[in-house]
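Residue-level listing of the chains:
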Amino acid sequence: QVQLQESGPGLVKPSETLSLTCTVSGGSISGYYWSWIRQPPGRGLEWIGYIFYSGDTNYNPSLKSRVTMSVDTSKNQFSLKLSSVTAADTAVYYCVRRWSAAGQLDYWGQGTLVTVSS
Amino acid sequence: DIQMTQSPSSLSASVGDTVTITCRASQSISSSLNWYQQKPGKAPKILIYAASSLESGVPSRFSGSGAGTDFTLTISSLQPEDFATYYCQQTYSTFPEVFGQGTRLEIK
């Protein structure tokens, strides 16, 4: 059974960089796309982007200037960096496996709340 | 970019009812449409992919249909565990894979 676990600081100061890592267990990171989704408290889901295990990326245009995703196949991990954060970036961040064909998101991490505050 | 509009935004129904949620894309997305269920405090769960394919392990009372710009999620014979929020998501080509705004299904 594939499992994903987000890790990283739960509190980030405004203007700083949010950094999260997702560790994949029970399966290989190779051969798949890996996504980041976020959800502000009480609101809907927002697609941040995805990265292929080879490193190809596709980012949400509204966040593209601030987002960097990377993958480390040796550690079975992938990562998200979001720069110049503001309070509007406060959200639960999910890491998710994305199927290549239909793009459905089938395995989700439990989510981690990141709060942007001084 | 493609916009996804879900309706209704909320819905009240009773156990045993059949409900339909609609998702409309701002341009054709072929059959590149997925449906998710989310319960409070939990990660979303995939129900339907490619507009009409039922994810393994999902009860058959969930069904999806549509192509192009108009899609529906139908839940037949509602069960107590079905009361949740539902989201559509488009995954067409390399466009941003946006979600609909969600439909909250509540017990009447």
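It should be emphasised that the depicted structure is a prediction, and the values quoted were computed from it without experimental measurement.

Before going further, it helps to spend a moment on the interface of chain B and chain A. Contacts between the two partners involve 19 residues from chain B and, on the opposite side, 19 residues from chain A. Interface area, chain B with chain A, both sides summed: about 1500 Å², of which 57% is carbon and sulfur. In this structure, the connection of chain B to chain A is made through one salt bridge. At the boundary of chain B and chain A, one finds eight residue pairs in polar contact (both at pLDDT 80 or more).

A few words on the pattern of salt bridges. It is possible for side chains bearing opposite charge to pair when their charged atoms get close. Tallied over the full model, the rule gives nine salt bridges over all chains. Ionic pairing is found between Glu 97 of chain B and Arg 98 of chain A, a salt bridge with its closest N-O pair at 2.6 Å. Within this pair, whereas Glu 97 of chain B is found in the loop between strand S9 (85-90) and strand S10 (103-107), its partner Arg 98 of chain A is found in strand S9 (residues 91-98), the two belonging to separate chains. Residue Arg 61 of chain B is joined to Asp 82 of chain B by a salt bridge in which the shortest nitrogen-to-oxygen separation is 2.8 Å. Linking Arg 61 of chain B in the loop between strand S6 (53-54) and strand S7 (62-67) with Asp 82 of chain B in the loop between strand S8 (70-75) and S9, this pair joins segments that are 21 residues apart in sequence. The network of salt bridges with shared partners includes Arg 38, Glu 46, Arg 66 and Asp 89 of chain A.

A full pass over the atoms with the stated rule returns two disulfides over all chains. One disulfide bridge connects Cys 22 of chain A with Cys 95 of chain A, the sulfur atoms lying 2.1 Å from each other. For the disulfide bridge between Cys 22 of chain A and Cys 95 of chain A, the dihedral angle about the S-S bond is near 60 degrees, and by the sign convention the bridge is right-handed. Residue Cys 22 of chain A is located in strand S3 (residues 18-25), and its partner Cys 95 of chain A is located in strand S9; the two are separated by 73 residues in the primary sequence. On the basis of relative accessibility, which here comes to 0%, the residue Cys 95 of chain A falls in the buried class. Two residues, Cys 23 of chain B and Cys 88 of chain B, share a disulfide whose sulfurs are 2.0 Å apart. Handedness of the Cys 23 of chain B-Cys 88 of chain B disulfide follows from its S-S torsion of about 60 degrees: it is right-handed. Of this pair, Cys 23 of chain B sits in strand S3 (residues 19-25) while Cys 88 of chain B sits in strand S9, placing them 65 residues apart in sequence. Cys 23 of chain B gets classed as buried once you look at its relative accessible area, which sits at 0%.

What counts and how
Residues numbered from 1 in each chain as written. Chains lettered and ligands numbered in written order. Predicted model: local features only at pLDDT ≥ 70, side-chain atom pairs only at ≥ 80, totals over all residues. Heavy atoms only, no water. Contact = heavy atoms within 4.5 Å. Buried area = accessible area lost by both parts, 1.4 Å probe. Salt bridge = Lys/Arg side-chain N within 4 Å of Asp/Glu carboxyl O. Polar contact = N/O pair within 3.5 Å; in protein donor to acceptor, adjacent residues only side chain to side chain. Helix = DSSP H or I, 4+ residues; strand = E, 2+ residues; numbered from the N terminus. Disulfide = S-S within 2.5 Å. Buried < 20%, exposed > 50% of the residue type's maximum accessible area, 1.4 Å probe, protein only.

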